[in-house]
Amino acid sequence: MRSIVAEWILDLGEYFDLHTTTTHAAISYLDRIQPNEKFCTFQWQMVAICCITIAAKYNEMEEDVPDLHSLGGIIEQVQCDEMICDAQLLMSVPHMHTP
């Protein structure tokens with residue numbers, strides 16, 4: 001499943017015209033988090049979107065960071081903006097950072 005999600009991250013990076021460093025950082029974050037293989041598709045998508053937004057906030061100019069509404073529309077879930085923000089907070093814990 002990781003390879004499918006990594007490919008999807010690359011596709012989203014291309015769709016939103018993000019730098020390759022951003023998409024590579026997002027995949028690196030995905031690898032650091034190591035999501036549970038038993039995640040449903042929605043959970044994998046949420047993790048991928050969080051990885052992309054966190055990477056974009058560090059690597060892109062502010063106006064080039066995809067907005068949550070656009071990203072939420074991709075996974076077609078209700079109340080997605082708030083869910084993405086909550087998931088970003090959970091993923092931004094210190095265990096993601098390299099010692």
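As shown above, the structure is provided for reference.
This write-up is about the structure you can find in this document. The residue numbering used here restarts from 1 in each chain and proceeds along that chain's sequence as written. Owing to the predicted nature of the model, reporting of local features is limited to residues with pLDDT of at least 70; listing and counting of side-chain atom pairs is limited to 80 or more, with chain, interface and lining totals taken over all residues. With hydrogens and water excluded, all non-hydrogen atoms of the structure serve as input to the side-chain values.

Moving on, we get to helix α2 (residues 20-33). The periodicity of an α-helix, 3.6 residues per turn, causes residues three or four positions apart to be oriented the same way. In this model α2 runs 20 Å from its N-terminal to its C-terminal C-alpha over 14 residues, within 8% of the 20 Å that 1.5 Å per residue would give. What α2 keeps buried is the set Thr22, Thr23, Ala25, Ala26, Ile27, Tyr29 and Leu30. Whether two residues touch is decided by their heavy atoms; if any such pair falls within 4.5 Å, the residues are in contact. Each helix corresponds to a stretch of at least 4 residues labelled H or I by DSSP, and each strand to a stretch of at least 2 residues labelled E; elements are numbered beginning at the N terminus. Looking at the buried positions of α2, the neighbouring elements they touch are α1 (2-15) and α3 (41-59). Following α2 by one or two positions, Gln34 adopts a phi angle in the positive range, close to 50 degrees. Given the number of residues in a helix, its expected span is that number minus one, multiplied by 1.5 Å. Three exposure classes are used, based on accessible area relative to the maximum for each residue type with a 1.4 Å probe and protein chains only: buried under 20%, partly exposed in between, and exposed over 50%.

With that settled, consider the pattern of salt bridges. Take a side-chain nitrogen of Lys or Arg and a carboxyl oxygen of Asp or Glu: if they are within 4 Å of each other, that pair is a salt bridge. A complete count under the given rule lists one salt bridge for this structure. As a salt-bridge pair, Asp31 and Arg2 come within 2.8 Å of each other at their nearest N and O atoms. Residue Asp31 is located in helix α2, and its partner Arg2 is located in helix α1; the two are separated by 29 residues in the primary sequence. By relative accessible area, Arg2 is classed as partly exposed at 35%.

In this section: the packing of α1 against α2. Relative to each other, α1 and α2 sit at 155 degrees, their axes nearing to 9 Å. Viewed along their axes, α1 and α2 adopt a mutual orientation that is roughly antiparallel. Here α1 runs over α2; the crossing is right-handed. Between α1 and α2, the contacting residues are Arg2, Val5, Ala6, Ile9, Leu10 and Gly13 on the first element and Thr23, Ala26, Ile27, Leu30 and Asp31 on the second. Side-chain classes follow a simple rule in which Ala, Val, Leu, Ile, Met, Phe, Trp, Tyr, Cys and Pro form the nonpolar group, Asp, Glu, Lys and Arg form the charged group, and the remainder, Gly included, forms the polar group. When the residues that make up the contact of α1 with α2 are grouped by side-chain class, the tally is seven nonpolar, two polar and two charged. Angles here are taken between N-to-C directions and fall from 0 to 180 degrees, while the axes themselves are lines fitted to C-alpha atoms, restricted in helices to the stretch in contact. Working definition: roughly parallel below 35 degrees, roughly antiparallel above 145 degrees, roughly perpendicular at 65 to 115 degrees, and oblique for all remaining angles. Each crossing is labelled by how the near helix is turned from the far one, with a counterclockwise turn of less than a right angle marking it left-handed and a clockwise turn marking it right-handed.

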